[in-house]
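# Commentary on secondary and tertiary structure
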Amino acid sequence: MTEGNVFATSQRTHRCGDLRALHAGTSVILGGWVHRSRDLGGLVFMDLRDRAGLVQVSFNPDWSAAQVIADAAAVGVESVVLVEGVVQPRPDEMRNPDLATGDVEVRATSIRVVGPAVTPAIPVARGKNDKLPAEDLRLRHRYLDLRRPELQANLVLRHRLLQITRQFLSERGFLELETPILTKPTPEGARDYLVPSRVHPGEFYALPQSPQIYKQLFMCCGFDRYFQIARCFRDEDLRQDRQPEFTQIDIEASFIGRDDIMALSEGMVAAIWREAGHDVSTPFERMSYADAMERYGCDRPDLRYGLEIHDFTAAFAPLDFVVTKSAIDGGGRVRGIRVPGGAAWSRKQVDELEALAKGAGAGGLLRIKKAEGKLDGPVAKFLTPDAEAALALNEGDLALLVAAKDRVSHPALDRVRQECARRLGIVDDQARRFLWVTDFPMFDKDPETGALSAVHHPFTAAHADDMAAYPDAPERWRALAYDCVLNGLELGGGSVRTSDPRVQSRMFTLLGIGDVAEQERRFGFLLEGLRAGAPPHGGIAFGFDRISMLLSNGTSLRDVIAFPKTTAARALFEDAPTTVPAEDLGELHLRSTVEAK
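Described in the following lines is the structure provided in the data block. (Residues numbered from 1 in each chain as written. Predicted model: local features only at pLDDT ≥ 70, side-chain atom pairs only at ≥ 80, totals over all residues. Heavy atoms only, no water.)

### Some points on the packing of helix α4 (residues 149-170) against helix α16 (residues 544-551)
Axis separation between α4 and α16 bottoms out at 10 Å; the angle between their running directions is 125 degrees. The pairing of α4 with α16 is recorded here as oblique in orientation. The crossing of α4 and α16 is right-handed. Counted together, Leu157, Arg158, Leu161 and Leu162 of α4 and Phe544, Asp545, Ser548 and Leu551 of α16 form the full contact between these two elements. Classifying every residue of the contact of α4 with α16 gives five nonpolar, one polar and two charged. (Axes fitted to C-alpha atoms, helices over the stretch in contact; angles between N-to-C directions. Helix = DSSP H or I, 4+ residues; strand = E, 2+ residues; numbered from the N terminus. Parallel < 35°, antiparallel > 145°, perpendicular 65-115°, else oblique. Left-handed = near helix turned anticlockwise from the far one by under 90°. Contact = heavy atoms within 4.5 Å. Nonpolar A, V, L, I, M, F, W, Y, C, P; charged D, E, K, R; others polar.)

### Points about the sheet that holds strand β22 (residues 537-543)
Judged by pairing direction, the sheet is mixed, and its eight strands sit side by side in the order β6-β9-β10-β22-β21-β20-β17-β11 without closing on themselves. One side of each edge strand has no neighbouring strand; the edge strands of this open sheet are β6 (175-176) and β11 (285-288). This element, α16, spans β10 (245-254), β20 (481-486), β21 (489-496) and β22 of the sheet and lies at about 45 degrees to β22. (Pairing = 2+ DSSP bridges.)

### Regarding unusual backbone geometry
Omega for the peptide link from threonine 282 to proline 283 comes to 0 degrees, which places this bond in the cis form. With respect to the element layout, proline 283 can be found in the loop between α6 (258-275) and β11. One non-glycine residue, aspartate 439, lies in positive phi territory at about 60 degrees. With respect to the helices and strands, aspartate 439 occurs in the loop between β17 (434-438) and β18 (443-445). Residues other than glycine seldom take positive phi values, yet alanine 569 does so here, at roughly 60 degrees. The residue alanine 569 is located in the loop between α16 and α17 (582-587) in this model.

### A short note on the nonpolar core
Counting 35 residues, the largest nonpolar core has Leu169, Ile249, Ile251, Ile272, Trp273 and Phe542 as its most contacted members. Taken together, the elements giving at least two residues each to this core come down to α4, β9 (225-233), β10, α6, β17, β20, β22 and α16. The element that contributes the greatest number of residues to this core is α6, accounting for nine residues. (Core = buried A, V, L, I, M, F, W, Y, C linked by side-chain atoms within 4.5 Å. Buried < 20%, exposed > 50% of the residue type's maximum accessible area, 1.4 Å probe, protein only.)

What follows is the structure in structure tokens.
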């Protein structure tokens, strides 16, 4: 390694993509992959690539021996070579303004193949108009796909974002502490990946869905500020662009409240975005869960456009229209959005929106448009002047309404709102609208059975005033939980935790884990830690893969994960998961009920 060049080694002096005009006249040794090669009959031009970029290498009888030229002409693309030569300026007419090294070339005096390559299964070098191979084929040959400059740039950015995160938190007194990967099965909403124990027959570890309990135990241990770039695992049903293993920025701190965590998170997010070249204004906007659902039908609303949801129930209540009347009588409401210019949409286009609403659970979509000064639609003739005034449609507007209970109308109107915004072209792709959604419900109540389930997780603290005001109605409690949202995407979520073991035990009881022995069996190690003296504490976790995807302008999480799984949770490059020989299963005290393929 030479002073000032950290990439210099005993085998190379410079990286290909680092060469510039200031290196003119310098003798160099380069190592890299043959990106492209052009044999012009006695002259050979080669683009040599490493992760820093490309540089042109020329082989010419004026400076290259005949054998060197012949050897260069014979090298296949993607082979790894060592090249010696001298950096020289390119002639003005041959400079390449699209290439960082485009002002220079390396005039080679020797070439040696150190990693011969077979014909690549998929191309690495592509023209501007060349399409990528199918994703499954690229994932099968990931070792080639990862050579693409754009993917390498994504992973380099990911590295930088990781380092700025570590720096930001370390400078604020947080300790990067590791938690176990082999853990106790404690389901948190998704299925665990189970790992059989060979030395303890019939017993299993689980891969962690999150470090939640461990980071709370760190608080009980006195490590008052913890973070981890944590690997997490969830055995979920197949979903588009979800990975069974993922990375999150995991944070926990003691003697803090909700506002403390939110302020810390805003500073960290701003630092991460700044590292990627973007300015972020803080503090972020805030909105209660109830307000978000009422105005947008969604707990992660996209604020880059309007199309807010309005409640028209009072205007429709007196009407003798069976659809709205039966919905209101059944405890539902009439709610919807006004779409400027939507009256010009065809019947087919509006039918497509109704299909989206039905797909989200609604029975249908009521439509009223204003054209040529008149209201039109199946319900229009039932409208009173008061109802028309409440709709407040301007010329060319379209009202799209759902008459149902909120649990039905929320997702339906959310889906319709998003599609209308897309069709209207009113989404500003350059805007960044960060938002905190707060005061989530503590529990969901099953309308059929009345059973409660945790909206976030069972370790979240409830508002003390709600617990006091409604001691026998936990479904009315609000949680001290908060989600960070950007443009309709959840970046992260967290909460203040329950630090009193008696309250935590009560939460388990409300969730149907009422037996003390069962609580101790499943969560005894947390309860013991809380009983030993626990400070008030809370935290948050951010999805690092999603953040990396957004900041690299990727379209999929697979663009920023080195070796991802498919949507079917398969690793095509290594053919995993796979069957295991019966004798290996036997050592784990297991037997497969599935016949080998």
